[in-house]
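Below are the chains, spelled out letter by letter.
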Amino acid sequence: MQAAKPVGRHASALKYDILSALGVTALAADKHRQRLMLRLMVLITTRYNWQNNELSIGRAEMARLWSVEERTVKREIAKMRAAGWIEVKRAGVKGRVTVYALNLSGVLGETTQSWTTIGTDFVARMQERHVGAGTDMAGPTDGENAGQDPSGAAETDPNVIPFQRRMQTAETEGTWGQVLVQLRAESPAQAATWFGQLSEMARDGDRVTLVAPSRFIADYVRTHFLNRLLGSYAALDPAVRRVEVVAVSE
């Protein structure tokens, strides 16, 4: 998944969505994951520089904010790095503290399952920001309603595919249409958020290729749902032995 950074003129609006996603995900997690996410949220709200994508803070100060010892800070930061939430931007040398950067793709990948809990408008905004990977993570400006449909701003950017122009598959016929019906019956939320964005692009022997409107969606489906898609296909057509998911840009 291509790393994106919450910087630029839309960063101040995006940060509320990131914090919302983290908070809702934490509340549904076990106590250990919940605490780790809460500690990340504290760092974000107290010391994170959104414009420069920098978290510059020493272990002693982290320990004070978290009410723990410094050895706990070292362990928790290692967990955050292993989870892909933060990464070292500048290593600490000669008395200077280490500067970290927030890995937006890692954070959002961790929270994706909670998006539908927040609402369909939230799902639309977050997917919109990932359409056309490598572009600025465009979202509402400071004065705009964060719950509004973001497609209006995207119309002027040829690199962004508006949410309304997502691939429509409700009328899909053939095996893929039957697979969608089955997936919607099993999990309406996941079907609406992920599977409904896919379209069958090609069938070559025992291989089916599905296409997604963005690299983010393609990566997420490949990581979390590929076996499920293959199982659904194979149940309807045993000749299908491979399912691939690619992005429009690939």
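Residues numbered from 1 in each chain as written. Predicted model: local features only at pLDDT ≥ 70, side-chain atom pairs only at ≥ 80, totals over all residues. Heavy atoms only, no water.

**Focus: the overall build of the protein**
Looking only at helices and strands, the protein has twelve helices and seven strands in total. Considering only contacts within the protein whose residues lie at least 6 apart along the sequence, 61% involve residues at least 24 apart. (Helix = DSSP H or I, 4+ residues; strand = E, 2+ residues; numbered from the N terminus. Contact = heavy atoms within 4.5 Å.)

**Notes on helix α9 (residues 174-186)**
In an α-helix, one full turn covers 3.6 residues, which means residues spaced three or four apart are oriented alike. Spanning 13 residues, α9 covers 19 Å between terminal C-alpha atoms, matching the ideal 18 Å at 1.5 Å per step. Those residues of α9 that sit buried are Trp176, Gly177, Val179, Leu180 and Leu183. Here the buried residues of α9 occupy an arc of 160° about the axis, which is enough to place them on one side. In α9, the exposed residues that point more than 90 degrees away from the buried face are Val181 and Ala185. For α9, the elements touching its buried residues are α10 (188-193), β5 (199-204), β6 (207-212) and α12 (226-236). (Expected span 1.5 Å × (residues − 1). Buried < 20%, exposed > 50% of the residue type's maximum accessible area, 1.4 Å probe, protein only. Arc of directions from axis to C-beta.)

**As for the side chain of Arg39**
Structurally, Arg39 is set in helix α2 (residues 31-47). You can call Arg39 buried: its relative accessible area is 11%.

**Points about the confidence of the model for the protein**
Per-residue confidence for the protein gives a mean pLDDT of 77; residues scoring 70 or more make up 76%. Across the protein, the element-wise mean pLDDT spans from 37 in helix α8 (residues 151-154) up to 95 in helix α3 (residues 59-66). Predicted confidence for residues 131-171 stays below pLDDT 50, and this span has 79 contacts to residues more than four positions away or in other chains. (pLDDT = per-residue confidence, 0-100.)

**Re the packing of α2 against α3**
Across the interface, α2 lies against α3 with an axial gap of 11 Å and an inter-helix angle of 110°. It follows from the interaxial angle that α2 and α3 lie roughly perpendicular. In this structure, α2 crosses over α3, and the sense of that crossing is right-handed. Of the residues in α3, those touching α2 at Arg39, Val42, Leu43, Thr46 and Arg47 are Glu61, Met62, Arg64, Leu65 and Trp66. Each residue belonging to the contact of α2 with α3 can be placed in one class, and the counts come to five nonpolar, one polar and four charged. (Axes fitted to C-alpha atoms, helices over the stretch in contact; angles between N-to-C directions. Parallel < 35°, antiparallel > 145°, perpendicular 65-115°, else oblique. Left-handed = near helix turned anticlockwise from the far one by under 90°. Nonpolar A, V, L, I, M, F, W, Y, C, P; charged D, E, K, R; others polar.)

**Overview of the sheet that holds strand β3 (residues 86-90)**
One open sheet holds the four strands; their spatial order is β1-β2-β4-β3, and the pairing between them is antiparallel. Edge strands, defined here as strands with exactly one partner in the open sheet, are β1 (48-49) and β3. Sheet topology places β1 next to strand β2 (residues 54-56); two bridges connect them, and they run antiparallel. Bridged to Asn49 within β2 is Glu54. (Pairing = 2+ DSSP bridges.)

**Regarding the side chain of Thr209**
Position of Thr209 among the secondary structure elements: in strand β6. Dropping the residues within four chain positions of it, Thr209 is found in contact with Ser199, Glu200, Met201, Ala202, Glu244 and Val246.

**A word on the environment of Val211**
Tracing the chain through its elements places Val211 in strand β6. Judged by relative accessible area, which is 9%, Val211 ranks as buried. C-alpha separation for the pair Val211 and Val246, spaced 35 residues apart in sequence, amounts to 4.9 Å.

**Observations concerning α12**
Considered for burial, the residues of α12 that qualify are Leu229, Ser232 and Tyr233. Projected down its long axis, α12 shows its buried positions confined to an angular sector of 95°, all on one face. Along α12, exposed side chains directed more than 90 degrees from the buried face belong to Asn227 and Ala235. In the core, the buried residues of α12 are packed alongside α9, β5, β6, α11 (215-224) and β7 (242-247).

**Here we look at the environment of Gln190**
With respect to the helices and strands, the residue Gln190 is situated in helix α10. Measuring from C-alpha to C-alpha, the distance between Gln190 and Gln113 comes to 8.5 Å, with 77 residues separating the pair along the chain. Non-local contacts of Gln190, meaning those with residues more than four positions away in its chain, are made with Gln113, Phe195, Phe225 and Arg228.

**Focus on the nonpolar core**
In terms of nonpolar packing, the biggest core is built from 56 residues, with Ile77, Trp115, Trp194, Leu210 and Leu229 touching the most fellow members. When near neighbours in sequence (up to four residues on either side) are disregarded, Leu229 contacts Trp176, Leu183, Phe195, Leu198, Leu210, Val221, Val243 and Val245. (Core = buried A, V, L, I, M, F, W, Y, C linked by side-chain atoms within 4.5 Å.)

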